[in-house]
Amino acid sequence: MPPSEPDDDARQVMSADKAAVSRALNLVEDRRAESHARVADLLAVLKDSPKAAGGHRVGLTGPPGVGKSTLTSALARSLRQRGRTVGVVAVDPSSIRSGGSLLGDRARMSFDPTDKGLFVRSLATAGEVGGLAYAANSSVRVLAAAYDTVVVETTGVGQSEIDIVHVADTVVLVIQPGSGDVLQFLKAGIMEIPDILVVNKADHDELARRAVADLRGALRTAHAAGADRDRDSDWETPIVATSATKGTGIDELIDALDAHRGHLETTLQTRRRQGEVQWTLDLFSRKHGEHGVSTLGGLATLKARTEQELDGGETPLSLCERLSREYVAALGQTT
Amino acid sequence: MAQDGKRERDRPWIMRTYSGHSTAAASNELYRTNLAKGQTGLSVAFDLPTQTGYDADDPLARGEVGKVGVPISHLGDMRDLFDGIPLDQMNTSMTINATAVWLLSLYIAAAEDQGVDPHVLRGTTQNDIIKEYLSRGTHIFPPAASMRLTTDLITYTVDEVPKWNPINICSYHLQEAGATPTQELAYALVTAIGVLDAVKATGRIPESEFGKVVGRISFFVNAGIRFVEELCKMRAFVELWDRVTQERYGVTDPKQRRFRYGVQVNSLGLTEQQPENNVIRIVLEMLAVTLSKDARARAIQLPAWNEALGLPRPWDQQWSLRAQQILAYESDLLEYADLFKGSEVVEARTQELVDSAWEEVQEVLKRGGAVEAVESGYIKQKLVESNATRLRSIESGEQTVVGVNKYVEGAPSPLIENLDEAILTVDPEVDANKRAELARWKMERDNGAVEEALAELRRVAESDGNMMPASIAAAHAGVTTGEWANLLRQVWGEYRAPTGVAGATVKSSPTGAAAQTVERLRNRLHDLEARMGRRPKLLVGKPGLDGHSNGAEQIAIKARDVGFDVVYEGIRVSPEQIVASALEEGVHLIGLSILSGSHLALVPEVVERLADAGLGDVPVVAGGIIPEADAERLRAEGIAAVYTPKDFELDHIMSDLIDLVDRENAAE
Ligand code: B12
Ligand SMILES: Nc1nc2c(ncn2[C@@H]2O[C@H](COP(=O)(O)OP(=O)(O)OP(=O)(O)O)[C@@H](O)[C@H]2O)c(=O)[nH]1
Ligand SMILES: [Mg+2]
C-alpha cells in the first residue's frame, strides 16, 4: 500500500479544521465493511502528519469518579495557556441491554466554545471490554494529526483498563486519597505500574500527604515484585498531587508529562509500534481466542507477521479484519 | 364546649402568591393590588439573571430579563420594588439562593433608605444552595464557597436582623424533581444538618446561643396529590426535626425545636390536558398541610390552574388565593384541635415514613453528608431515578392521571378557548428597556465609590470574614448584581453540578406491551446503526439560564435506554457551546429543552449558529413550555418537532426521533 498523498480531507484534519476533524472521527467510527478501506487510507495518510510524529498521547485512567474528566478539563486549560493545542477522547460505557450510552464526561469539561485549539469527542465502548471503545485507537490517531497533545480518558472500570497502554505514550493513573483498592492492586502486582501517578482531590492537605506517602510505599513493593511496564524500567514513576477543581498541581502534572515525553524521545517510535502490534493481536485474540492464534501459526509467527504488515502501512483494524477472514476461511477448510 | 358556630378560631397561616415580572415598578404595582386583595405577605419571584448573578447587559441574560420574575440589578430597583410598601410592616419572602447575601443586602439598604431599622425586618431568604445543585439549578459557586455565603447570612442575621428567617430548607424542589416522600424527608433533613454543622464550624455562634440559630431554621415543603400520605409526611417532619435538634444539637427549648414550615403545593403533577382539573388537585394538596393542627403550615402559596401552560395572570393567582381564603375563613377547619391525634392509621404511616427517612439520613451521613452527596452525584441520581419511575408508571397507566391517561374524553374547556391569552406574557421590550436603564444607572452613580466597594468585597471574599457588611456597603454604593457576582466568580470560580443521568437506571423494567415497544425501538436503532455505520447519536441541550432539568434528563435516559448514544451536558449551556458540542461530537440529532419561556430567543439562535458551523442539515427538535403559537413559529423556522408536557408518552417521542434520523440518513 503506497502512502497516499494527503487529500483535502486529510489536509483539513492536519490543519485542525474542526468540521474536518469531526468528519474524520465519524469515519473511523464507521463499522460498515465498505468504509474500512477509507478508514485505512485516512489513517495511513494521517500517520505521517508532522503533529502525529511530534505530539504526545496521554492516557488517563483510574476508578470511576476520581475526577478524570475534571482533571482532563483542568489539564487542557493549562496546556492551552501554554499555547499547545489539545484533542480529547473521552470513553464511557454502553448499556449492555440497549447498546445506547450516556456520554457524561463532556459535562465535566468546561471550555471556550470559540477555541479552535481544543476538541473533545466522546465515545461509547459498545461492547468492548478493555475500558476503551472500538474506535478509540483510530480516533486518537485522527486527533494526533491535528493537535499537539491528545488525552484519552478511559471508562474507569479499574483493573481491566488494559487497552490504554497500547494507545498512549504516557499512562497516567488517577486515584484519590483513601482509595485502598488501587494500592492493593499495585502492591500485589495485579496492576501494572503507570508512567505517572496522580492523587487527585488533594484539596485537603493532610489526607493528600498521607495518600502520597502510602503510594510511595506501594510503588516500592511493586517495583520489588517486578510490576514495571516491561518496556520501561529506568523511569521512576512520579507521584503528583492535584486538585482538579481548584486547579492546583496541574503545572506539576504537565512538567511530569513533559519529562516522560522527553524520556521517551528515543524509544517513542518503538513504543507506539509495540502498541499497534499489541492492539492488533488483542483485537484478534479477543475475537477468536487461542484457537484463532494457533490456527494462524501461533503467537510468535502472528506477532512477526503483524509487525511486518504494520511496517508496510497496514493499520491494526484492517489487518485484524483480514486475519479474521483468513481464520474463518481456514476453519471452513478443516470442518 | 362552645356553641355551634361560636368556637374559637386559630389564626390562619400566611397567604402568599409567588409573583414578580417585567420590571420593579410593574411588580410593585402587582404587590400592592395583591395586598389589597387580602394577601398577607409578599413572595418575590426574581428573574433568572438576578438569581444567577447577571445584569441585563450580560449576553447570558439574553431572552430571560423580566421573564419569570422581577429583575433587580441595584438599590434603585429594590427601592422601586417596595415603593409605598412600608418594610417595617411587611413580611417578605424572597426566593433567592446563590445571590441571597446580595439581595438581602439590597433589601436592608432599601429599608435603611426608608428609615427602617433592620432589626425590625421580617421575612425569609430561601438561601438553600443544596437543593439548587439537586433540582433548582440557580447555583453559581462551588459548594464550599456557597456554604460559606449561606452561613455568613445566617450568622449575620442572628444579631443584626433577628426576626429574619435566614434560610428556608427546601424539600419542595426535591419533590418537583421526582423525590418520593421518604427522599423528600431525608434529603431536607441532611441539608439542614449540613447547614447547621457548617454554622457551628464557623465558631461565630457561642454554644449558648446555638439554640437560637436552630430556632430560626424554617422549611419549605411540598404536598402532592397522595394527600393522606403527604399529611403523614408533615407529621413525620415534625417528629424527625424534633429528634435531630434534640439529639444532634442538644436544643432543650421545645420552641426552638419546632418544625416551622411554609408550603407550595405540587406543581409537577399539574397537567396541560384538561387544565381546569388542576384546581381540584391544588385544593386536595392544600388539605395535606392544613388539616393537622399539630403539623400545620405557617405560610402557603399555591400554583394556578394554568401551571403547565405558562405564567399565571393575576386572575389565575387570585383564584388560588381564594381557595386558601375559603378554607381558612369559610370552613370550620381552624376551630378544631388536631384531627388525627390518636388515629392508628395516620400514626402507623407516619412512623413508617419516619423510619425509612431516618435510614436514608444515615446513609447520606455515612457518605460524608449533604455536600459530599451532592458532589458525588449520589442524591441527584436517586432523584432522577425516582422521577423516571414516576414517568414510567404514568406512561404505562399504572398511575392514574385524570384527563391524561384516563378519562381523556370531555367537553372542550371554555377556559382555554383562547389559549394564547390564557397566560401572562411579558412585553419583549422589557429586556432592552432594562439594558438602557442599567447604562443610565452606571453613568449616574459614583464609580469611584463602586470601585472601592468592590475592592473591599474582594478583600473579604479572600479572607474568612462575613460577606454581609461589605455587601450592604456595596449596595449603598450602587454596585450591581452582575458586578457583585462576577467578582465572586473570579475569586471562587463556578460550579457545574452532577447531572445524575449517567449512572441512573430505571429499576422496574417495562413489561408486556411496553416491553415490546421498547424492544421494537431498540431493533430499529440497531438496524439504523448497521445502515449508517455509527450508532445514532443525540445531543440533548439546555440553552440559556433555565434550570428545569427534569425533561432533558428523562429524555436523555430514555434515549439511552432505547439505544441512542446520548450527550447531555447539564443545564445552563450557551447556544455557542451547544453548537460546538454538536460539531465536535458528530451528532445526528439535536434536542433542545427550554421551560423558562425564552425559546423564541434561544432556539432560533442555536439554529442560526448550527447553519454557520455547517451543521444546517442536523435536525433539531425542541421541548418544554412552548405555547402552540410559538411552536408554529419554530416549526416554520425549521424545527422538526416541538414537544410539550402533554406529550407524556416517551416511547412516542423516541419513535419520532428515530424516524427523524432515519429520514435524514435516507436523504443523504
Ligand atoms: C418541576 C418544575 C420546576 C422544578 C424543576 C425541577 C427540575 N430539576 O427540573 C423547580 C421547582 C425547581 C422549578 C423552579 C422554577 N420554575 Co418551574 N416548573 C416545574 C413544572 C411544575 C413542571 C416541569 C417538569 O419538570 N415537568 C416534567 C417533565 C418531564 O416535563 P417537561 O420538562 O415538560 O418535558 C416533557 C415535554 O415538554 C417534552 N420535552 C421537554 N424537553 C424536551 C427535550 C427534548 C429533546 C424532547 C424530545 C422533548 C422534550 O418531553 C417531556 C416528556 O413529556 C412546570 C409547570 C408544568 N407543570 O409543566 C413549572 C414551570 C416550567 N416553572 C416555571 C418557573 C417560572 C420556574 C422558576 C423560574 C420560578 C422562579 N421565578 O424562580 C423556577 C426556577 C427554575 C430555574 N432555575 O430555571 C414556569 C415557566 C414559565 C414560562 N415558561 O413562562 C412553569 C411553566 C410554571 C408556571 N406556570 O409558572 N420548576
Ligand atoms: N473535591 C474535589 N472534587 C473533585 C476533584 N476532581 C473532581 N472532583 C469531583 O468528583 C466528581 C467526579 O468527577 P469526574 O471528573 O466526573 O470523575 P471521572 O473520574 O471522570 O468519573 P467517571 O468518568 O464517571 O469515571 C465530580 O463531582 C467532581 O466535581 C477535586 O480535585 N477535588
Ligand atoms: Mg469522566
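In what follows, the accompanying structure is described. Nothing here was measured: the structure is a model prediction, and the numbers come from that model.

### So, the overall build of chain A
Part 1 of the argument: Assigned secondary structure in chain A consists of 13 helices and eight strands.
Part 2 of the argument: Against the compact-globule benchmark of 20 Å for 335 residues, chain A has a radius of gyration of 20 Å, which places it among compact chains.
Part 3 of the argument: For chain A, the C-alpha atoms occupy an extent of roughly 65 × 45 × 45 Å along the three principal directions.
Part 4 of the argument: With 335 residues in all, chain A has 58% of them scored as buried.
Part 5 of the argument: Look at the contacts in chain A between residues 6 or more apart in sequence, and 77% of them connect residues 24 or more apart.
Part 6 of the argument: Surface exposure of chain A reaches about 14000 Å², of which carbon and sulfur atoms provide 52%.
Part 7 of the argument: Computed over 39 positive and 46 negative side-chain charges, the inter-centroid distance for chain A is 3 Å.

### Topic: the site of ligand 2
Part 1 of the argument: In the region of ligand 2, 18 residues are neighbours, and S69, T70, D203 and A244 of chain A together with E375 of chain B sit closest.
Part 2 of the argument: Neighbouring residues of ligand 2 are not confined to a single chain but are spread across chains A and B.
Part 3 of the argument: Within the backbone of G65 of chain A, one N or O atom sits 3.1 Å away from an oxygen atom of ligand 2.
Part 4 of the argument: In the environment of ligand 2, an oxygen atom lies 2.8 Å from a nitrogen or oxygen atom belonging to the backbone of K68 of chain A.
Part 5 of the argument: In isolation ligand 2 offers 650 Å² of accessible surface; the protein chains occlude 85% of this area.

### Focus: the pattern of salt bridges
Part 1 of the argument: Counted under the stated rule, the structure contains 68 salt bridges over all chains.
Part 2 of the argument: Linking D113 of chain B and R79 of chain B is a salt bridge whose minimum nitrogen-to-oxygen distance equals 2.8 Å. A residue pair is termed long-range when its members are at least 10 positions apart, and D113 of chain B in helix α4 (residues 100-113) and R79 of chain B in helix α3 (residues 75-81) qualify at 34 residues.
Part 3 of the argument: Close ionic contact of K366 of chain B with E363 of chain B constitutes a salt bridge, the shortest N to O distance being 3.3 Å. Taken together, the residues K366 of chain B and E363 of chain B, both in helix α13 (residues 344-366) and three residues apart, mark about one turn of the helix.
Part 4 of the argument: Residue classification places K366 of chain B among the exposed positions, given a relative accessible area of 66%.
Part 5 of the argument: Accessibility expressed as a relative area gives 22% for E363 of chain B, which makes it partly exposed.
Part 6 of the argument: What you see here is one network of salt bridges that share partners, running through K18 and R106 of chain A together with K537, E569, E584 and E585 of chain B.

### A closer look at the side chain of H260 of chain A
Residues and elements named next belong to chain A.
Part 1 of the argument: Tracing the chain through its elements places H260 in helix α10 (residues 250-264).
Part 2 of the argument: With a relative accessible area of 0%, H260 lands in the buried category.
Part 3 of the argument: Here D195 takes part through its side chain, which lies 3.4 Å from a polar atom of the side chain of H260.

### Looking at the sheet that holds strand β6 (residues 164-165) of chain B
All names here are of chain B.
Part 1 of the argument: What the five strands build is an open sheet, ordered β2-β3-β4-β5-β6; its pairing is parallel. In this open sheet, the two edge strands, each paired with only one partner strand, are β2 (18-19) and β6.
Part 2 of the argument: Sheet topology note: the strand β4 (residues 91-94)/strand β5 (residues 122-125) ladder contains four bridges and is parallel. Its bridge partner lying in β5, S93 is registered against T124.
Part 3 of the argument: Contacts from α4 reach β4, β5 and β6 within the one sheet, and its direction differs from that of β4 by about 155 degrees.

### Quick notes on the environment of V364 of chain B
Part 1 of the argument: Mapped onto the elements, V364 of chain B comes out in helix α13.
Part 2 of the argument: Sequence separation between V364 of chain B and D197 of chain B is 167 residues, and the spatial gap between their C-alpha atoms is 14 Å.

### A few points about the coordination of the magnesium ion (ligand 3)
Part 1 of the argument: Every protein donor of the magnesium ion (ligand 3) is accounted for by S69 of chain A (OG), D105 of chain A (OD) and E153 of chain A (OE), and the metal-donor separations fall at 2.0 to 2.2 Å.
Part 2 of the argument: Since its relative accessible area comes to 6%, S69 of chain A is described here as buried.

### A few points about the sheet that holds strand β8 (residues 218-221) of chain B
All names here are of chain B.
Part 1 of the argument: A sheet is described by the order of its strands in space; here five strands give the open sequence β1-β10-β9-β8-β7, paired in parallel fashion. The outermost strands of the open sheet, each flanked by one partner alone, are β1 (14-16) and β7 (168-170). Each strand axis lies, on average, 20 degrees off the axis of its neighbour in the sheet, ignoring direction.
Part 2 of the argument: Note that β7 and β8 share three bridges and pair parallel. The residue bridging C170 from the neighbouring strand is F220, located in β8.
Part 3 of the argument: Helix-sheet contacts for helix α12 (residues 314-330) involve β1 and β10 (299-301), and the interaxial angle to β1 is about 165 degrees.

### Digging into the packing of aromatic side chains
Each aromatic ring pair is characterised by the separation of its centres together with the angle its planes make.
Residues and elements named next belong to chain B.
Part 1 of the argument: Using the criterion set out here, one finds 15 aromatic pairs over all chains in the structure.
Part 2 of the argument: Where Y107 meets W164, the ring centres are 5.4 Å apart and the plane angle is 50 degrees; that geometry is what we call tilted. One end of the pair, Y107, is in helix α4; the other, W164, is in strand β6, and 57 residues separate them in sequence.
Part 3 of the argument: Y107 sits in the buried class, given a relative accessible area of 0%.
Part 4 of the argument: Taking relative accessible area as the criterion, W164 reaches 0% and is therefore assigned buried.
Part 5 of the argument: With a centroid separation of 4.7 Å and 40 degrees between ring planes, the pair formed by F219 and F259 is classed as tilted. Taken together, the residues span a long stretch of sequence, with F219 in strand β8 and F259 in the loop between α10 (227-247) and β9 (261-264) at a distance of 40 residues. Assigned by exposure class, F219 and F259 land together as buried.

The rules behind each value
- Residues numbered from 1 in each chain as written.
- Chains lettered and ligands numbered in written order.
- Predicted model: local features only at pLDDT ≥ 70, side-chain atom pairs only at ≥ 80, totals over all residues.
- Heavy atoms only, no water.
- Helix = DSSP H or I, 4+ residues; strand = E, 2+ residues; numbered from the N terminus.
- Rg over C-alpha atoms; globule rule 2.2 N^0.38 Å.
- Buried < 20%, exposed > 50% of the residue type's maximum accessible area, 1.4 Å probe, protein only.
- Contact = heavy atoms within 4.5 Å.
- Areas by Shrake-Rupley, 256 points an atom, 1.4 Å probe, with all protein chains shown as cover.
- Lys, Arg positive; Asp, Glu negative; His and termini not counted.
- Charge placed at Lys NZ, Arg CZ, Asp CG, Glu CD.
- Near = heavy atom within 4 Å.
- Polar contact = N/O pair within 3.5 Å; in protein donor to acceptor, adjacent residues only side chain to side chain.
- Salt bridge = Lys/Arg side-chain N within 4 Å of Asp/Glu carboxyl O.
- Pairing = 2+ DSSP bridges.
- Axes fitted to C-alpha atoms, helices over the stretch in contact; angles between N-to-C directions.
- Donors = N, O, S within 2.8 Å, 3.2 Å for Na, K, Ca; no water.
- Phe/Tyr/Trp six-rings, centres within 6.5 Å; stacked < 30°, edge-to-face > 60°.

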